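Coordinate analysis (summary)
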Amino acid sequence: MQAGLESIGIAVPSTYVELAELAKARGVAPGKYVDGLGVTRMAVPQVDEDTVTLAARAARMALDAAGCSTEDVAMLVVGTETAVDHSKPVSSYVQGLLGLSTRCRVFETKHACYGGTAALQLALDWVRSGSAKGKKALIICSDIARYGVGTPGEPTQGAGAVALLVSDKPKLLALEAGKTGVYANDVMDFWRPLYSKDAVVDGHYSVQCYLDALEGAYKAYQEAAGDAGGEGLYSDRFAALVYHVPYGKMSRKAHRHVRTLDGDKDADASFDRLVGPSLVLPSQVGNIYTGSMYLALASLLSSAKEDLTGKRVGLFSYGSGSCAEFFSGVVQPEAQARVKALGLETLLEKRRALSIPEYEQIMNAREKLDEKPAEDAPGQGFRYLGTRDHKRIYAR
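The structure contained in this document is the topic of the report that follows. (Residues numbered from 1 in each chain as written. Predicted model: local features only at pLDDT ≥ 70, side-chain atom pairs only at ≥ 80, totals over all residues. Heavy atoms only, no water.)

1. Digging into the overall build of the protein chain
When its secondary structure is counted, the protein chain shows 12 helices and 16 strands. Radius of gyration (C-alpha) of the protein chain: 20 Å, near the 21 Å computed for a compact globule of 396 residues. Taken along its principal axes, the extent of the C-alpha atoms in the protein chain is 65 × 55 × 40 Å. Pairs at least 24 apart in sequence give 73% of the contacts found in the protein chain among residues at least 6 apart. Side-chain charges in the protein chain split into 45 positive and 47 negative, and the spacing between the mean points of these groups amounts to 4 Å. (Helix = DSSP H or I, 4+ residues; strand = E, 2+ residues; numbered from the N terminus. Rg over C-alpha atoms; globule rule 2.2 N^0.38 Å. Contact = heavy atoms within 4.5 Å. Lys, Arg positive; Asp, Glu negative; His and termini not counted. Charge placed at Lys NZ, Arg CZ, Asp CG, Glu CD.)

2. Considering the sheet that holds strand E2 (residues 15-18)
Spatial ordering of the open sheet is given by E3-E2-E14, a layout of three strands whose pairing is mixed. Taken across any chain shown, the strands that pair with only one partner, and hence form the sheet edges, are strand E3 (41-44) and strand E14 (352-353). Where E2 and E3 come together, four bridges link them in antiparallel fashion. By the bridge assignment for E3, Val17 is matched with Met42. (Pairing = 2+ DSSP bridges.)

3. A look at the sheet that holds strand E13 (residues 323-331)
The strand order across the open sheet formed by nine strands is E5-E4-E6-E7-E1-E8-E13-E12-E11, and the pairing between neighbours is mixed. Each end of this open sheet is capped by a strand with a single partner; those strands are strand E5 (105-109) and strand E11 (240-243). Taking the axes of each pair of neighbouring strands and ignoring which way they run, one obtains an average angle of 25° across the sheet. Pairing of strand E12 (residues 312-319) with E13 involves eight bridges; the strand directions are antiparallel. Paired with Val313 across the bridge in E13 is Gly329. Packed onto the sheet, helix H3 (residues 51-66) meets strand E1 (3-11), strand E4 (73-79), strand E6 (136-145) and strand E7 (158-167) and runs at close to 125° relative to E1. (Axes fitted to C-alpha atoms, helices over the stretch in contact; angles between N-to-C directions.)

4. Remarks on the pattern of salt bridges
Applying the stated criterion across every chain yields a total of 27 salt bridges. Salt bridges linked by common partners bring Asp48, Lys372, Glu375 and Arg383 together as one network. (Salt bridge = Lys/Arg side-chain N within 4 Å of Asp/Glu carboxyl O.)

5. With respect to the packing of aromatic side chains
Taken as a whole, this structure holds 13 aromatic pairs when the rule is applied. When the centroid spacing of 5.7 Å and the interplanar angle of 80° are considered together, the rings of Phe190 and Tyr289 count as edge-to-face. Linking Phe190 in strand E9 (residues 190-191) with Tyr289 in the loop between helix H8 (271-274) and helix H9 (292-303), this pair joins segments that are 99 residues apart in sequence. The exposure classification of Phe190 matches that of Tyr289, with both residues buried. Ring geometry for Tyr384 against Tyr394: centres 5.5 Å apart, planes inclined by 50°, an arrangement best described as tilted. Residue Tyr384 is located in strand E15 (residues 383-388), and its partner Tyr394 is located in strand E16 (residues 391-395); the two are separated by 10 residues in the primary sequence. Each member of the pair, Tyr384 together with Tyr394, is buried. In textbook terms, an aromatic cluster arises when at least three aromatic residues are bridged by ring pairs, as seen for Tyr218, Tyr221, Tyr234, Phe238 and Phe326. We note Arg252 situated over the ring of Phe271; from NZ or CZ to the ring centre the distance is 3.9 Å. (Phe/Tyr/Trp six-rings, centres within 6.5 Å; stacked < 30°, edge-to-face > 60°. Buried < 20%, exposed > 50% of the residue type's maximum accessible area, 1.4 Å probe, protein only. Lys NZ or Arg CZ within 6 Å of the ring centre and 35° of its normal.)

6. Focus on the environment of Val187
Along the polypeptide, Val187 turns up in the loop between strand E8 (173-184) and E9. Residue Val187 is classed as buried on the basis of its relative accessible area, which comes to 8%. Not counting residues within four places of it along the chain, the set of residues in contact with Val187 comprises Tyr205, Cys209, Gly321 and Ser322.

7. Description of the packing of H3 against helix H4 (residues 90-98)
Relative orientation of the contacting elements H3 and H4 amounts to 50°, with a least axis distance of 9 Å. Looking at the two axes, H3 sits oblique to H4. Relative to H4, H3 is oriented so that their crossing is right-handed. Across from Thr51, Val52, Ala55, Ala56, Ala59, Arg60 and Leu63 in H3, the residues of H4 making contact are Val90, Tyr93, Val94, Leu97 and Leu98. Along the lines of polarity and charge, the residues of the contact of H3 with H4 split into 10 nonpolar, one polar and one charged. (Parallel < 35°, antiparallel > 145°, perpendicular 65-115°, else oblique. Left-handed = near helix turned anticlockwise from the far one by under 90°. Nonpolar A, V, L, I, M, F, W, Y, C, P; charged D, E, K, R; others polar.)

Written out as structure tokens, the structure is:
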């Protein structure tokens, strides 16, 4: 039985900061942020936006795009590393906001940026095994990347969610069973202590851990696919490559490494062709952790000028700590038209630019977000209203 992505949904905060403006405010040449990271805009969540509200909004888009009833969803998993509670999963809040059935399996997965992929692979096996019995899985990757005002990691922040509707009728991408390579290693390249909202990262070491994991997963994929031989460069067997993209330049480093492994003497020559379209949307949002690779996939399907129907796409997911997976899928007929119809570029254009003082004020307000008293008046749409009796309150 085939399985894959039936639809996709995206949610980003309503405001952003121009990285060139942030660079000027920090006394840094704009090129160091914009060109050095490959990012132009950084999404900034308002105080009524959090992991839950972003997840619910992305899920609503995915369900609406597929014309899917909430009764059709029998598994809901949220992959996140910015959970709102140590025990109650983000998925439970989302279940309530969406009005999903009480007969839906609901839980959360965590492994840094790999958490969403872990959930996706579980859902794929659930569908392929027949256990789904015609039902669908809703997998959501939702995160807020936060490093703090004035810190070295400040320009690599971002926020957003990507929802994936997984079923036996993949109208976007049929993911290939058995063609997956995994690599895991116990490293301390990035983590977030329980006492801190901000992440701790060993930047140069984390890049090396990413590349080591990419090499391991890529080689494991070739062994699993059973087609490591043949003529030409192995990566040319893919019409496009989608990498985990905490920032755009990481994808360039990743692609350079893959092509070098393939024996390509001009590793950068194929970058625009194989990777470029996948970076259009991420460059305007920044780092969204678990959803980063899937935002890049949506960007590819929305931005690629080439007809990808029937062609294979390679996908690489990395989570610090670490676990990584290289897998592949085949683009389905009308997939690009379906994603373009979502109007993702228009969604980003409608956002409001923040001044640096406005951005800093929001960041300061978010410090006490978990203690914010709930508003008396109900909100409209999916909004975080605050806490009451230690309970998080949301508006549907």
